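A closer look at the structure
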Amino acid sequence: MSQATSQILPDADETAAGAGGPVIEVSHLNTHYGDRHVLKDLNLGIQPGEIMVIMGGSGSGKSTLLNHLLGLLHPTSGTVRILGRDISKLSQVELTKLRCKMGVAFQGGALFSSMTVGENIMLPLREHTKLDEQTMRIMARMKMEVVNLAGFEDLMPAELSGGMVKRAAFARAIIMDPKILFCDEPSAGLDPVVASAIDQLILNLRDAFGMTIVVVTHELESAFTIADRICVLDQGEIRIVGTPEEVRASEDARVQDLLNRRPEGQEQDPDAYLQRLTGGIH
Amino acid sequence: MAISRDGGVTGLLDRIGRAAVTGIGEVGYAATLLGEGVMWLVVGHARRQPVRIHQVFQQAMEIGVLAVPIVTVLAMTIGVMLAIQGIHTLRTFGAESRVTLGIALSVTREFAPLITGILVAGRSGSALAARIGTMRITQEIDALRVIGIAPVRFLVTPALLAMLVMVPVLTFWADCVALLGGGLFVSIDLGMSLGAYFDQVLDAIALDDVLHGLGKSAIFAVLIALIGVVNGASVTGGAEGVGRATTRAVVQAISAIVITDMIFVFLLTR
Ligand SMILES: Nc1ncnc2c1ncn2[C@@H]1O[C@H](COP(=O)(O)OP(=O)(O)O)[C@@H](O)[C@H]1O
Ligand SMILES: [Mg+2]
């Protein structure tokens, strides 16, 4: 969070809840899917104005963690505090209010296929403000300008390319000027040029609006380009949280495996490996 | 065969048990949805999440207006079919002219609600399941929630309301068309004038019979909507899952309609 906070300090009220404390605070978070322990006692604080990248292999629990941060899932134990509020203890109305301060760019965009791109981007305004049509249109156009998508408001989502869908999703995510922006796998499935343009967009959003940004990704290059800090998740546990340099220098074997794209160390335990292959038959 | 492969009778019992638990869970979910759907209608404004009338209209257009041609064709066919069958059966007793009574009662009480319900289940119940299922796997439902829009208010209430209005309206239309169809055949086959036929029809049915049919169709409407939503919401596993949920929604909705209808007949003939 080095450059971020020095360039743009968040408004006083942005951190009112925790006066300088973390914007997002995860403590002792545990989750199960049935009997499976998916997230194991996670503790994580995310500071105002930083870009936190949650990195890990597939199946490590990134999406599950993200869903907890968004209040879409409830933990078996532990808490998630967003802007000082425990997200699983809020009433419907309070939750809606809090969610107006959060923007989410989903992995596949999650644009509503029955609405035009412009309508998609305006939807949060339409639902949560009493602005007139003209003002909403102008605001939507401004955000489309920010994500470099001006002039496409009348197209349907199906008519956009993969990179454009992501941009539109970003525009919708930032239409309410959220304090926190979440992005799930922003560059997955894009060609390298488009992917690096998305990385640049994320950096611009932080610099221009001072947003706190949480990015979930398994792409190393993108992670190290944009992150102020990286949180490495592995099999539901946090291995390390630190600046890109600290992560690179980590001596944790699993972190190094991930950085060097080595597969999980299955062979290290031949008994467990055999057990898995034979399905427990001896 | 399949039974022994899964471990004999225990395996079978296990599967029946699981199916029963799933079934009970789904019925409970449907009841919750109905409650929540109605709740948004009532408290939506106070919670600053009003049900949008324009969405209800859009759904009503889709469910009702666009179904008029096919409902017309099928209702007409059913009317003619009832007339043919009625005249054929009654001829054995030399009582053909009594056919009007049979047509009038069976159309208004049974056939119009049933055929309309089945058509709407096939057209719109499936579409609802497919739409919600697709929105689930593309994370559009999650997107609604994080934007601060209750998915039930946004997706379920409008569909429920539109069904509740349009299915009885379509049923009434089917009443009229089927009676006309029967009348046309009767007038050609028995040489009775259409005017005389409709006089007899109006004599034969009471308002009660029409209301009975319409009331039933309103219940069918709720069943179709809830079954569509429950199946859509339970989609897992990509496009194939959506296909499965859609088929399941239609089969379940039609079964529910026919069984409900039977229960009605049973109770009201006691
Ligand atoms: N709805 C679910 N039901 C059961 N298990 C799940 C569900 N979603 C995810 N999982 C399991 O939880 C683990 C973490 O998944 P996920 O959070 O999606 O990981 P990632 O996003 O890092 O790929 C995986 O092993 C996955 O199989
Ligand atoms: Mg994932």
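None of the values given here were measured: they were computed from a predicted structure. (Residues numbered from 1 in each chain as written. Chains lettered and ligands numbered in written order. Predicted model: local features only at pLDDT ≥ 70, side-chain atom pairs only at ≥ 80, totals over all residues. Heavy atoms only, no water.)

All names here are of chain A. The six strands are arranged S6-S7-S8-S3-S9-S10 in an open sheet whose pairing can be described as mixed. Looking along the sheet, the strands with just one partner apiece sit at the ends: strand S6 (102–105) and strand S10 (237–242). Within this sheet the neighbouring strands show an average axis-to-axis angle of 15 degrees, counted without direction. Contacts from helix H7 (residues 192–209) reach strand S3 (51–55), strand S7 (180–184) and strand S8 (212–217) within the one sheet, and its direction differs from that of S8 by about 160 degrees. (Pairing = 2+ DSSP bridges. Helix = DSSP H or I, 4+ residues; strand = E, 2+ residues; numbered from the N terminus. Axes fitted to C-alpha atoms, helices over the stretch in contact; angles between N-to-C directions. Contact = heavy atoms within 4.5 Å.)

On to the side chain of Asn120 of chain A. All names here are of chain A. Within the secondary structure layout, Asn120 lies in helix H4 (residues 117–128). With relative accessibility at 0%, the residue Asn120 sits in the buried group. Separated by 3.0 Å, the side chains of Asn120 and Arg172 make a polar contact. Once you skip the residues sitting within four places of it in the chain, Asn120 turns out to touch Leu111, Phe112, Met115, Pro157 and Arg172. (Buried < 20%, exposed > 50% of the residue type's maximum accessible area, 1.4 Å probe, protein only. Polar contact = N/O pair within 3.5 Å; in protein donor to acceptor, adjacent residues only side chain to side chain.)

Residues and elements named next belong to chain A. The four strands are arranged S2-S1-S4-S5 in an open sheet whose pairing can be described as antiparallel. This sheet does not close on itself; its edge strands, each paired only once, are strand S2 (36–46) and strand S5 (85–86). Pairing between strand S4 (residues 77–82) and S5: two bridges, direction antiparallel. For Ile82, the partnering residue across the bridge sits in S5 and is Arg85.

Residues and elements named next belong to chain B. Mean pLDDT over chain B works out to 92, with 97% of the residues at or above the 70 mark. For chain B, helix H1 (residues 2–5) is the element with the lowest average pLDDT, namely 45, and helix H7 (residues 151–190) is the one with the highest, namely 96. Across the interface, the model reports ipTM at 0.84; the global pTM reads 0.85. (pLDDT = per-residue confidence, 0-100.)

So, about the interface of chain A and chain B. Quoted interface sizes are often the accessible area lost when the parts come together. Listed per partner, the contact involves 23 residues of chain A and 20 residues of chain B. Summed over both partners, the interface of chain A with chain B buries about 1,800 Å², with 56% contributed by carbon and sulfur atoms. It is Leu72, Phe112 and Glu127 of chain A that lose the most area in chain A upon contact with chain B, and together they represent 31% of the buried surface on that side. Linking chain A with chain B are two salt bridges. For Glu127 of chain A, the salt bridge goes to Arg153 of chain B, with nearest N and O atoms at 2.8 Å. Joining chain A to chain B, the criterion identifies four residue pairs in polar contact (both at pLDDT 80 or more). (Buried area = accessible area lost by both parts, 1.4 Å probe. Salt bridge = Lys/Arg side-chain N within 4 Å of Asp/Glu carboxyl O.)

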